[in-house]
Structure formats: C-alpha cells, structure tokens
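Each chain, letter by letter, is given below.
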Amino acid sequence: MATTSPRKLDHIRITVDSRVDHDWTSALLDDVVLVYKALPETSLNDIDTSIEFLGKRLSAPIMVTGMTGGHAVAAEINCAIAKAVEELGLMMGVGSQRAAIENPNLAYTFSIVRKCAPSAVIVANIGAPQLVKGYGIKELTKAIEMIDADAVAIHLNAAQEAFQPEGDTDYVGVVDKIRELADVLGKPIIVKETGHGIGLEAATLLRAVGIKIIDVAGAGGTSWVKVEQYRARAKGDELLAAAASTFSGFGVPTAQAIVETRWAAPDACIIASGGIRSGLDVAKAIALGADVAGLALPVINAYVQGGGHAILNLLKRMIMELRIAMFLTGSKDLAELRSTNIILGQRLLSLMEARGISAELYLNGPRLL
Ligand code: FNR
C-alpha cells in the first residue's frame, strides 16, 4: 500500500519529462485516409458532433482517459481536467483508485473530480491484477461511490507490470472475475488497456463475458514499457531497462485494435485511444468503427505547460478539428462520419488480411458496422 502513491507520482514525472511514445510502432492512423469531399453538401455550422454516452449527452465523442489520483498534486490535476470536461461537455476517467481504497485519506484526490465536474460523465478505475488479488464487488462499489461515477474501468496492463520489479504479473482468472462482476455490478464496466492494445483475442473474450464497452488503448501513443524502462534505468537496474527497451514498441497499434475489436465485438461500444493526438485522429478512429476517442498524455503535458487553461485549449482545438473533419467529409453527424468513405493503407490492410478480417467492411459506401 505504502508504495502505490509514490510510484504513481514517479510515473507522472517520467511521462512529462521524457519521451514515452512507443519506439517503433505508430498508432497506424496514417494508414487511414478520410476521403475529402470538395462538395460536402453540408454547412460547417450545422455539423453535430454530439453523442449519447452512458445516459448523458456529450458535446463531442472525446474522453480524457484515466491517469491520476492518490496524492495532492494529482488532486489538482484531476480537478483541472474535470473543470475542462465539465465546461466542454466531454467525459473523463480517473487513475487507478487502489491507493484510496487502501488508504481512505487519499479519497479526496479522486472525489474532487465530481466536485469539479458535477454533471460530466466520470469513470472510476481499478487494475485487473487487483481482481486476481481479491478485489470484488465491494471494492468496485467503493471506487464508484468515491467519485459518484457513471461507470467503472478495469484496466489491463500486463505489459507494464512485466517490467516492474514489484509488478503484479498474475493474470490467471481475470476473465472469470470480470464475468462475475459484469453479472452483478449495477454500473457499466469498461475494460481498457493502457497503451499496448486490445485486439481480436482479448475483445472476443470480453464480449463472451458480457463486456459492452471496450477502450482499446492501442500502441502508438504512451508506452508503459518505455516508462518502466526509464524507471529501471534510474534505479540502476540495467538488465530490466534493456529488456524493457526490447519491448518498448510492443502491442497492437490503435487503428488495428479498433478494427479487430469491432470485428470481434460488432455490438460493443468502442473507445479508441492510444496515440490520439488531434481531432482528425478522432474522426479517423470513428470512421474506422469507434464510438468515442480518448487521450491521456497530451492532457497531462498541457497541464504542466499551462494548467487548466491549456487543457481547455487542447480539448477545444480537438473539437474544432473534429468538426472540420466532419464538414470536409460531408458528415453532418457521427452516424454519417462512421460511414464516410475511407481509404486504408497497405500496412493496415495486410494486418487485417493476416488476421482474417474482411476489408470489404471498409469499402466505399455504407458499411455493415
Ligand atoms: C495513464 N494511463 C492509466 N490508465 C489507467 O487505466 N489507469 C491509470 O492509473 C493510468 N495512469 C496513467 C498515468 C499517466 C500519466 C498517463 C499518461 C496514462 C493510461 C491512459 O489512460 C491511456 O490508456 C494511455 O496513456 C494511452 O493513451 P495516450 O497517452 O497515448 O493518449
């Protein structure tokens, strides 16, 4: 318990001070081209970016995914994000609440989010390894009640844990545990990765156990193996640092993760994250089959550079870019964006072929998604 909070602060420091993007893997969103329509037959002013999500109306399909909590600095960051999403009508998650479940004195670093965002969609957060160690309905309910959450995210981070000397590397029984919880928890469960991607196999298992919302958090943005590589080096553990370097670009790229998850779980609600860096990326993710797109690292970087104001500007820019992308593809609303014409690059197409996914889903015109 005593180590959770300082470790989290370590993580934040590393992500803002160092280059933590995947080393050789991109999110593959460059392999998704939205076809420009010189005659969009719509007006920029009429574009509707809104979406219904978890029973509330979002002004745009954008989520700040879970990052922090557990110490005083995190409380300030959480409140700044919360104020921005409240003002803009977006949604956010908090970071792992394990620290506060184990030490109630830290609960305020999470619950501040609901105070700063009284009406926004807020998502609680618990790590899958904790489920193996005995967390169940009681702890999840605690996490939800702590922040009056609309849903709870269970995060998967096997790649990261494998490179922590203190890592929780036992994933045996996680799927069964998720099934049990999905059956009895009164709130929706989101299963999310943390930057190494949910692909065909995991999405198939999640669908089978009744999970309806999946955040793919693919490779191409923040690499948690890379973060652990820096930590290992700082502690003088060169062996672990070298092994982490080998895997620092490992995972399912975000575009591939969206396609594979949509293929495996056609009826799921998909949050696309991992390397989403602009409103154009959001538009591409939605055209590829996602419902909502999420981002983490750019938000913490914005906070460090310019506080809540910079977060607000970043998110405003993303909404503006999404709106323009929709205008330029002649998509009046998100349903039209999801069936707009796109062209897929060779790399993504060959990955789809290798995985037995039909590219016909993405041919011109309405698709079956
Ligand atoms: C994260 N992420 C994360 N995810 C989670 O479920 N629980 C957590 O506690 C954290 N903590 C955390 C801290 C920091 C500083 C960052 C940058 C990220 C992962 C995050 O939600 C997201 O899945 C990945 O970072 C990929 O998105 P980006 O960063 O490429 O936009």
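Owing to the predicted nature of the structure, the values given are computational and were not obtained by experimental measurement. (Residues numbered from 1 in each chain as written. Predicted model: local features only at pLDDT ≥ 70, side-chain atom pairs only at ≥ 80, totals over all residues. Heavy atoms only, no water.)

Participant: What is the right way to look at the state of the cysteines in this model?
Facilitator: As used in these notes, a disulfide is a covalent bond between sulfur atoms, one from each of two cysteines. Counting across every chain of the model gives 1 disulfide. A sulfur-sulfur distance of 2.1 Å marks the disulfide that ties Cys79 to Cys116. Residues Cys79 and Cys116 are joined by a disulfide whose S-S torsion is about -90 degrees; by sign, that bridge is left-handed. Of the two residues, Cys79 is situated in helix 2 (residues 72-88) and Cys116 in helix 4 (residues 108-116); the sequence distance between them amounts to 37 residues. Side by side, Cys79 and Cys116 carry an identical accessibility label, which is buried. (Disulfide = S-S within 2.5 Å. Helix = DSSP H or I, 4+ residues; strand = E, 2+ residues; numbered from the N terminus. Buried < 20%, exposed > 50% of the residue type's maximum accessible area, 1.4 Å probe, protein only.)

Participant: Quick question: what am I supposed to make of helix 4 here?
Facilitator: Two residues of an α-helix separated by three or four positions point the same way, owing to the 3.6 residues in each turn. When helix 4 is considered as a whole, its buried residues turn out to be Thr109, Phe110, Ser111, Val113, Arg114 and Cys116. The elements touched by buried residues of helix 4 are strand 3 (56-58), helix 2, strand 5 (91-93), helix 3 (98-102), strand 6 (121-127) and helix 6 (137-147). (Contact = heavy atoms within 4.5 Å.)

Participant: I would appreciate a short explanation of helix 8 (residues 174-184) in the present structure.
Facilitator: Within helix 8 the residues assigned to the buried category are Val174, Lys177, Ile178 and Leu181. Each buried residue of helix 8 lies within a common arc of 100 degrees when the element is viewed along its axis, so the set occupies one face. Buried residues in helix 8 make contact with helix 5 (128-132), helix 6, strand 7 (151-155), strand 8 (189-192) and helix 9 (200-208). (Arc of directions from axis to C-beta.)

Participant: Can you walk me through the environment of Ala128 in this structure?
Facilitator: As for its placement among the helices and strands, Ala128 is situated in helix 5. Placed 92 residues apart in sequence, Ala128 and Tyr36 show a C-alpha to C-alpha distance of 41 Å. Excluding residues within four positions of it along the chain, Ala128 makes contact with Ile154, His155, Leu156, Tyr171 and Val174.

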